[in-house]
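Analysis of the macromolecular model
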Amino acid sequence: MGTEQRPEQPGEERMADRPRVIRRPNVQFEHHSYEEFSNRPFYVAIDRYTVSFAPVARRVIDNAAGTGAMIERLSEEEKLAPNFEVIAADIDRGALLSIKRNLEPVGGRINVVQADASRLPVPDGWAELMILGNSVHLFENPQDTFAETYRTLGSDGVLIINTAYERLRGYGDQQSKRILGAMILQARGSIIKKGYPEEIPAPLDLMKHTAGDLVNMAVQAGFRDVSFKTRPVRMDRDDIRAIFSYRDFAAGALPNVPFELAKGELLPTVDPNLQRRNIDALNRNWGILIATKV
Ligand SMILES: C[S@@+](CC[C@H](N)C(=O)[O-])C[C@H]1O[C@@H](n2cnc3c(N)ncnc32)[C@H](O)[C@@H]1O
């Protein structure tokens, strides 16, 4: 049997040589509740659109990386330069373990570090690109993270942020806002009715910042070339179920309620609420901020 390789055809892409990150065939390991949501097609699409604004970069920080969704999107969009080094930082150790388990860098490296988004163990000016995906709304003092981003980027370094929680336009329309609220309220009512002994505080308000607030924070941190885009998204019933199955979402929607109980009561609210209004999706707007350090 010959082992000789077929000669490469002109223009043929040599996949083996392209720096990229591939998903390992799934090994048996604890499942992270975020992965179901972050692999929904609509979410993959919005993250891909977000990183399409990134330059090709060799030194990248994926800040608040979660399970590494943005690293995969950077790879798909061919934004990783040869010998790339990605630092994936998050406060959640479980999420970082998931990156180590699932993602295999080809032609580069991924280093995971457990760190707060505003205190990264990275030297000044190290990065060419920082991605802060779907997390800025979670920070108590996001301006500290903008300052840290500015510190860790080199000159001409680019920061890209996305969030579904822009205060003025996060909900695609009033009906979508009302229906999501009704689902959460129903789940809460059902838990109380079943005799849950603790108080259930109001849902966390994550829509704290307008696009203008975020742009101002970037400018105050020193960024000079700052823009903000809005991208409409439709979340269908499976997308809504996936977000209800995500531990951090359930904890914010029904504070003080154990995850399995919260999830178990949220999921059955989806179909009846959509059917009653004769709709099959909720509208949402993702915001995308792009800033350059000059
Ligand atoms: C919704 S996930 C987003 C993950 C990923 N960046 C993406 O776009 O899909 C939010 C992540 O932010 C992380 N996070 C929340 N607060 C943080 C903080 N103060 N410092 C670092 N990470 C934080 C959470 O652990 C979680 O992994």
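1. Things to note about the site of the ligand
Within the structure, the ligand sits among 18 residues, and Ala64, Gly66, Asp92, Ala117 and Gly133 are positioned closest to it. Of the residues that constitute the shell around the ligand, the class distribution is 9 nonpolar, 5 polar and 4 charged.

2. A word on helix H2 (residues 41-51)
Among all positions of H2, only Tyr43, Ile46, Asp47, Thr50 and Val51 are buried. Projected down its long axis, H2 carries its buried residues within an arc of 130 degrees, all on one side. Check the buried side of H2 and you find it contacts helix H1 (33-38), helix H3 (69-76), strand S6 (127-133), strand S7 (153-163), strand S8 (225-236) and strand S9 (281-292).

3. A word on the packing of H2 against H3
At a closest axis distance of 9 Å, the pairing of H2 and H3 adopts a crossing angle of 60 degrees. Two packed elements cross with a definite hand, and for H2 against H3 that hand is right-handed. For the pair H2 and H3, the contacting residues are Asp47, Arg48 and Val51 in the first and Ala69, Met70, Arg73, Leu74 and Glu76 in the second. Partitioning the contact of H2 with H3 into residue classes produces 4 nonpolar, no polar and 4 charged.

4. Considerations on the sheet that holds S8
Pairing is mixed across the open sheet formed by 7 strands, whose spatial order is S5-S3-S2-S6-S7-S9-S8. At either end of the open sheet lies a strand with only one pairing partner, and these are strand S5 (108-114) and S8. On average, adjacent strands in this sheet sit at an angle of 15 degrees to one another, irrespective of strand direction. Pairing analysis gives 7 bridges linking strand S3 (residues 80-90) to S5, with the strands arranged parallel. Among the inter-strand pairings, Phe84 is bridged to a residue of S5, identified as Gly108. The sheet contacts of H2 involve S6, S7, S8 and S9, and relative to S8 the element is tilted by about 165 degrees. Each of strand S2 (57-63), S3, S5 and S6 touches H3; the most contacted strand, S3, lies at about 165 degrees to it.

5. Regarding the nonpolar core
Judged by nonpolar contacts, the single largest core of 75 residues is most densely connected at Ile71, Ala88 and Leu159. Beyond its immediate chain neighbours, meaning those up to four positions away, Leu159 contacts Met130, Leu132, Thr149, Leu153, Phe223 and Ala291.

6. Remarks on the pairing of S3
Where S2 lies against S3, 6 bridges are found, and the strand directions are parallel. From the neighbouring strand, Ala57 faces S3, where its bridge partner is Leu80.

7. Topic: the confidence of the model for the chain
Per-residue confidence for the chain gives a mean pLDDT of 93; residues scoring 70 or more make up 93%. Here residues 1-6 is a poorly scored stretch, pLDDT under 50, and it has 0 contacts once near neighbours within four places are set aside; other chains count.

8. Some details on H3
Counting buried positions along H3 yields 7 of 8 residues, so the element is predominantly enclosed. Every buried residue of H3 is accounted for by Ala69, Met70, Ile71, Glu72, Arg73, Leu74 and Ser75. Phi turns positive, to about 60 degrees, at Glu78, one or two residues after H3.

9. Some thoughts on unusual backbone geometry
Of note, Asn83 is a non-glycine position whose phi angle comes to about 60 degrees, a positive value. Its location among the elements puts Asn83 in strand S3. Asn83 gets classed as exposed once you count the C-beta atoms within 10 Å, which come to 11. Phi is positive for Asp156, which is not a glycine, with a value near 70 degrees. Here Asp156 lies in strand S7. The class for Asp156 is exposed, based on 11 C-beta atoms found within 10 Å.

Rules used throughout
Residues numbered from 1 in each chain as written. Predicted model: local features only at pLDDT ≥ 70, side-chain atom pairs only at ≥ 80, totals over all residues. Near = placed C-beta within 6 Å. Nonpolar A, V, L, I, M, F, W, Y, C, P; charged D, E, K, R; others polar. Buried ≥ 20, exposed ≤ 12 C-beta atoms within 10 Å, placed from the backbone. Helix = DSSP H or I, 4+ residues; strand = E, 2+ residues; numbered from the N terminus. Arc of directions from axis to C-beta. Contact = placed C-beta atoms within 7 Å. Axes fitted to C-alpha atoms, helices over the stretch in contact; angles between N-to-C directions. Left-handed = near helix turned anticlockwise from the far one by under 90°. Pairing = 2+ DSSP bridges. Core = buried A, V, L, I, M, F, W, Y, C linked by C-beta atoms within 7 Å. pLDDT = per-residue confidence, 0-100.

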